[in-house]
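Observations on the model geometry
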Amino acid sequence: MAEVKLAAQVRTEFGKGAARRTRRANLVPAVVYGHGAEPVHITLPGHDLMMALKTANVLIGLEIDGKDALVIPKAVQRNPLKGSIEHVDLLTVKRGEKVNVEIAVHVEGDLAPGGNLLEYVQNTLLVEAEATHIPESVTVSVAGLDAGDSILAKDIPLPKGSVLAGDEDAVVLQVVAAQAEEPSAEGAEGEGAEA
């Protein structure tokens, strides 16, 4: 996974008014924490941060007052109406350190014929991976699966260097039979009235 570099500035103002002024300047308030260090309150360039967060579990290299920090996003708060980023929590990581992250589950292949439906019980998997080698997603083949079949977390092949961190017996995908529509009550009454 590529590392995205962002320049950060330390925040000295706090509260709603300060956060609004920061956002009007196209900056996003953020906090960096982890490894037992005191949290550092920073601002990040809004557009650059938005572009970086388009990649799931992106590794971000920050420059804060001449010091470098390696972080991953832990929580992103968005404006419910505009969708803009309001605040970000960033977790400090070190090269070689293992972290628990959720990665997307993608499927490939066609189900068995018969109008079956694929249901995502979970669309992410919790895995443990090295902070600098976090996989973006896993791909699962559903080719030939029929109604009643399911795929458990332990059945999904993980990328090299990743191990399952969640419940291995959790159902991730299941195939259900399509339900036929019942004839409408009006149609049945109409047939009897004609006779």
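For the structure, see preceding data.
Once a new chain begins, its residue numbering starts again from 1 and follows that chain's sequence as written. With pLDDT at 70 or above as the cut-off, local features in this predicted model cover only qualifying residues; side-chain atom pairs require 80 or more to be listed or tallied, and sums for whole chains, interfaces and linings still use all residues. Each side-chain value is derived from all of the structure's non-hydrogen atoms; neither hydrogens nor water enter the calculation.

**Some words on the sheet that holds strand 4 (residues 59-64)**
Judged by pairing direction, the barrel is mixed, and its six strands sit side by side in the order 1-3-2-6-5-4 before closing back on the first. Averaged over all adjacent pairs, the angle separating strand axes in this sheet is 45 degrees, with direction ignored. For two strands to count as paired, DSSP must find a minimum of two bridges between them. Comment: elements are numbered from the N terminus, with helices defined as DSSP H or I runs of at least four residues and strands as E runs of at least two. Pairing analysis gives seven bridges linking strand 2 (residues 27-34) to strand 3 (residues 37-45), with the strands arranged antiparallel. Within the sheet, the bridge partner assigned to A30 lies in strand 3 and is I42. To get an axis, fit a line to the C-alpha atoms, keeping to the stretch in contact for a helix; angles then go from 0 to 180 degrees between the N-to-C directions.

**Examining a positive patch on the surface**
Note on patches: the residues involved have over 30% relative accessible area and no salt bridge, like charges join within 9 Å, and the nonpolar side chains Val, Leu, Ile, Met, Phe, Trp and Tyr join within 5 Å. Here, Shrake-Rupley sampling with a 1.4 Å probe gives the accessible areas, and only protein chains in the shown set may cover a residue. When a carboxyl oxygen of Asp or Glu is within 4 Å of a side-chain nitrogen of Lys or Arg, the pair counts as a salt bridge. The charge count treats Lys and Arg as positive and Asp and Glu as negative. His and the chain ends do not count. A single reference atom marks each charge: NZ on Lys, CZ on Arg, CG on Asp, CD on Glu. Positive charge collects at one region of the surface, where K16, R20, R23 and R24 lie side by side. Residue placement: R23 occurs in helix 1 (residues 16-24).

**A short note on the side chain of H87**
Inspection of the secondary structure assignment puts H87 in strand 6 (residues 85-92). In protein, a polar contact means a hydrogen-donor-capable atom and an acceptor-capable atom, both N or O and within 3.5 Å, with residues adjacent in sequence counting only if both atoms are side-chain atoms; elsewhere, any N or O pair within 3.5 Å suffices. In this structure the side chain of H87 is engaged in a polar contact, spanning 3.3 Å, whose partner is the side chain of D89. The contact definition used throughout considers only heavy atoms, calling two residues in contact when any of these lie within 4.5 Å. In this structure, H87 is in contact with R11, V28, P29, A30, V31, A75, V76 and Q77, ignoring residues within four places of it in sequence.

**What about unusual backbone geometry?**
For N26, which is not a glycine, the phi torsion comes out positive at approximately 60 degrees. Inspection of the secondary structure puts N26 in the loop between helix 1 and strand 2.

**Points about the sheet that holds strand 8 (residues 116-120)**
The antiparallel open sheet is built from three strands, whose spatial order is 8-13-11. A single partner strand is all that each edge strand has here, and the edge strands are strand 8 and strand 11 (150-152). Neighbouring strand axes in the sheet, compared pairwise and without regard to direction, differ in orientation by 15 degrees on average. Where strand 8 lies against strand 13 (residues 171-177), five bridges are found, and the strand directions are antiparallel. Looking at strand 13, one finds that N116 is bridged to A177.

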